[in-house]
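Per-entry structural report
Each chain, letter by letter, is given below.
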Amino acid sequence: MGLWKNLGSVLCLLTIVWATFLVVSYITAVTIFYTLEYSQATVFMSVLRVLIGLAIAGGWIAIWYNLTKFWLYRILLKKEET
Amino acid sequence: MLEVLTAFIVTFLTTPLVIKLGSSLGISGIDIHKPWKPLVPKTGGLAITLGAVIGLLLNFSLGGGVLAGVVSLSCLIAAAIGFVEDFREEINPKLKPLLLVLSSLPILLAGTFVPRPVIPFLGKTRLYRVYPIMILLSYPIVCNAVNSIDVLNGSMALTSLPFFAMSMVIFYLRGNYQALILSAIFLASLLAFIPYNKYPAKVFSGNSGSLFVGAAIASMAIVGRIEIAAIIALLPQIMNEMHIIFSLGGIKSAKKFKSRPLKMENNLLTASEESDAPITLLRMLCAKAKVDERSAVYAMAIISLFTAFLGLITDLLFIEGAL
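Residues numbered from 1 in each chain as written. Chains lettered and ligands numbered in written order. Predicted model: local features only at pLDDT ≥ 70, side-chain atom pairs only at ≥ 80, totals over all residues. Heavy atoms only, no water.

Observations concerning the overall build of chain A
The number of helices and strands found in chain A is two helices and zero strands. Relative to the 2.2 N^0.38 estimate, which gives 12 Å for 82 residues, the radius of gyration of chain A is 18 Å and therefore markedly larger than a compact globule would have. The principal-axis extent of the C-alpha atoms belonging to chain A is close to 60 × 15 × 10 Å. Taken across its 82 residues, chain A has 41% of its residues classed as buried. Summing over all exposed atoms, chain A offers an accessible surface of approximately 4,500 Å²; the carbon and sulfur share of this is 73%. (Helix = DSSP H or I, 4+ residues; strand = E, 2+ residues; numbered from the N terminus. Rg over C-alpha atoms; globule rule 2.2 N^0.38 Å. Buried < 20%, exposed > 50% of the residue type's maximum accessible area, 1.4 Å probe, protein only. Areas by Shrake-Rupley, 256 points an atom, 1.4 Å probe, with all protein chains shown as cover.)

Have a look at this one:
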C-alpha cells in the first residue's frame, strides 16, 4: 500500500506545481519576455521589470524545491510516526 | 503509416543484434537493483535510434518535407553524445550540456520553428529574440531530464511514451498530420524497444537512447508548437533532474553522491532516510515503503501519464483557442 499512497501524494504535489506553473509562465511572459521583446520604457524600468520577473521565476523554483523537500521529509518519510 | 510501421519493425528486429554487439564488445552496465547484479548491454539506444531515424528518413523520402530530416539530425547529434558516453566514458557533466546545445542547431539553422508561443492567460506572443535562446537551452534541459529518469528497467521508455501519445492527440486535433506522423515514429520505436527493456531488462537504452529520446521530445515540442504542454508533460523528469542538481549543489556526476537515494532490502527498493541523499522521484515513491522494481516503474509511468493529461488539458483550455 505504501507505494500507492506515495504515488497519490506525488500526484498532489505535481498538481500544485502545474497550477503554479501556469501563473508563473504568465508572470514571466509579462515581465521578462515583454521587456526583452517590446518594451520602450526607460532602462531603469526595463531592468526593474526583468529583475522582478527573474525573482518571481527563481522564487517559484526555490519554493518548488523546498515544497518537495517538505513533502519528502515531513510527509512521506514521517507518515508512520504521526 | 508505412514509416511508423518501419520504425517499429527495425527497432524490434535490431534490438537482439545490438544486445549481441554490446555483449561481445563488453559495452555493459551492472543492473544494481538485482540481487545477482547482472551485466546488461547498454547498447539499446542504437536500436531506438536506428528504427526512428529510418522511419524519419522514409517519411522524408515519401515527401514528408524537410521537417523529418531536421528532426532526425537534431536527435542524431544528441545520440552521438550519448554514444560517446556509452562506448568510452562519462563526459564532464559541465561540458555535456554545452555539447547538447549542438542538437538545437539544425532546427535553429533550418528555421523550422515559429517564435510565437501561446502563454496561458496571455495568448499568442511574439518572441523573436527570446525564442531562439529558449531553443538553445531546451535541448540540454530535456535531454538531461530524460536521462535522469532512466534508473530502472523500462523507466525511460515508459515515462516518455505518454509525451508522444499526448503530442499525437494534440497534433490530430490541430490537423497537423506531419507532426503527428513524426511523433508516431518515435512512439513506435519506443514501443518496439519495451519488450527487451522491461523488467528484467535484457538491454539498457544507455545514454545514447535517453539523450536521443530527450532530443526527440524537445524537437517535437518546438516544431509542433506544443511548448507549454511539453513542459507540463515533462514535469516529473524536470523535477527529478532539478532536485538532483539542487541536492548535489550544482551540475555534478551522479558518482559524486555521498549517499544513494535508495537502498535494497530483501530485493525490494526503499528510500534512504539520510538527509544528504539526493531527492529523486523514485525516492519519493519508495518512502517508508518496500517496492518491487516492476511496480515502481509502473508508478513512474502513471505519474507521466497524469502530467501528460495535465498538458493536454492545458493545451485544450488555454492554447488551442489562441492559435
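Here we look at the overall build of chain B
Across its full length, chain B holds 13 helices and six strands. Relative to the globule expectation of 20 Å for 323 residues, the C-alpha radius of gyration of chain B, 19 Å, shows essentially globular dimensions. C-alpha extents for chain B along the principal axes are approximately 55 × 45 × 35 Å. Looking at chain B as a whole, 59% of its 323 residues are labelled buried. Counting only contacts in chain B whose residues sit at least 6 apart along the sequence, the fraction spanning at least 24 positions is 72%. (Contact = heavy atoms within 4.5 Å.)

Looking at the packing of helix H2 (residues 43-76) of chain A against helix H11 (residues 235-248) of chain B
Where H2 of chain A meets H11 of chain B, the closest approach of the two axes is 11 Å, and the angle between their N-to-C directions is 85 degrees. For the element pair H2 of chain A / H11 of chain B, the angle class is roughly perpendicular. Touching Ile61, Trp64, Tyr65 and Thr68 of chain A of H2 of chain A are Leu235, Ile238, Met239, Met242, His243, Phe246 and Ser247 of chain B, all from H11 of chain B. In terms of residue class, the contact of H2 of chain A with H11 of chain B is built from eight nonpolar, three polar and no charged. (Axes fitted to C-alpha atoms, helices over the stretch in contact; angles between N-to-C directions. Parallel < 35°, antiparallel > 145°, perpendicular 65-115°, else oblique. Nonpolar A, V, L, I, M, F, W, Y, C, P; charged D, E, K, R; others polar.)

Section: the packing of aromatic side chains
All names here are of chain B. With the rule as written, the count across this model stands at 13 aromatic pairs over all chains. Between the aromatic rings of Phe12 and Tyr196, the centroid separation amounts to 5.4 Å while the plane-to-plane angle is 50 degrees, which identifies the pairing as tilted. Remark: Tyr196 occurs in helix H8 (residues 177-197) and Phe12 occurs in helix H1 (residues 2-25); sequence separation between them is 184 residues. For Phe12, a relative accessible area of 33% corresponds to the partly exposed category. Look at Tyr196 and you get buried, because its relative accessible area is 12%. Here the aromatic cluster, defined as three or more aromatic residues joined through ring pairs, consists of Phe163, Phe164, Phe186 and Phe212. (Phe/Tyr/Trp six-rings, centres within 6.5 Å; stacked < 30°, edge-to-face > 60°.)

Side note on the side chain of Ser167 of chain B
Within the secondary structure layout, Ser167 of chain B lies in helix H7 (residues 155-174). A residue is classified by how much of its surface remains accessible, and Ser167 of chain B, at 0% relative accessible area, is buried.

Some words on the pattern of salt bridges
Residue and element names in this part refer to chain B. What the rule picks out here adds up to seven salt bridges over all chains. Among the salt bridges present, the one from Lys34 reaches Asp31, with a minimum N-O distance of 2.7 Å. As far as burial versus exposure is concerned, Lys34 and Asp31 are alike and both buried. The salt bridge involving Glu273 is made with Lys288; its shortest N-O contact spans 3.5 Å. With Glu273 in the loop between strand S6 (268-271) and helix H12 (281-285) and Lys288 in the loop between H12 and helix H13 (293-319), this residue pair connects regions lying 15 residues apart in the sequence. Via salt bridges that share partners, Asp31, Lys34 and Glu293 belong to a single interconnected network. (Salt bridge = Lys/Arg side-chain N within 4 Å of Asp/Glu carboxyl O.)

Quick notes on the interface of chain B and chain A
Listed per partner, the contact involves 48 residues of chain B and 37 residues of chain A. Between chain B and chain A, the buried area comes to about 3,700 Å², and carbon and sulfur atoms account for 79% of it. Counting the surface chain B buries against chain A, the share from its top three residues, Leu235, Met284 and Lys288 of chain B, is 18%. The interface formed by chain B and chain A holds zero salt bridges in total. Inspection of the chain B/chain A interface yields eight residue pairs in polar contact (both at pLDDT 80 or more). Looking at the side of chain B that touches chain A, the elements with two or more residues in it are helix H6 (130-148), helix H10 (227-233), H11, H12 and H13 of chain B. (Buried area = accessible area lost by both parts, 1.4 Å probe. Polar contact = N/O pair within 3.5 Å; in protein donor to acceptor, adjacent residues only side chain to side chain.)

Brief notes about the pairing of S6 of chain B
Residues and elements named next belong to chain B. Inspection of the sheet shows strand S5 (residues 262-265) paired to S6 by four bridges, in the antiparallel sense. Note that in S6 the partner of Lys263 across the bridge is Thr270. Between S5 and S6, which pair antiparallel one after the other, the connecting turn spans two residues, and Asn266 there sits at a positive phi close to 50 degrees. (Pairing = 2+ DSSP bridges.)

Remarks on the environment of Asn197 of chain B
All names here are of chain B. Considering the arrangement of structural elements, one finds Asn197 in helix H8. Given a relative accessible area of 3%, Asn197 falls into the buried group. Other than its neighbours up to four places away in sequence, Asn197 contacts Asn153, Gly154, Ala157, Val203, Phe204 and Ser205.

Some remarks on H8 of chain B
Turn by turn, an α-helix covers 3.6 residues, leaving residues three or four places apart pointing in a common direction. The end-to-end C-alpha separation of H8 of chain B is 30 Å, in line with the 30 Å expected for 21 residues at 1.5 Å each. Counting buried residues along H8 of chain B, 17 of its 21 residues qualify, which places the element largely inside the surrounding structure. (Expected span 1.5 Å × (residues − 1).)

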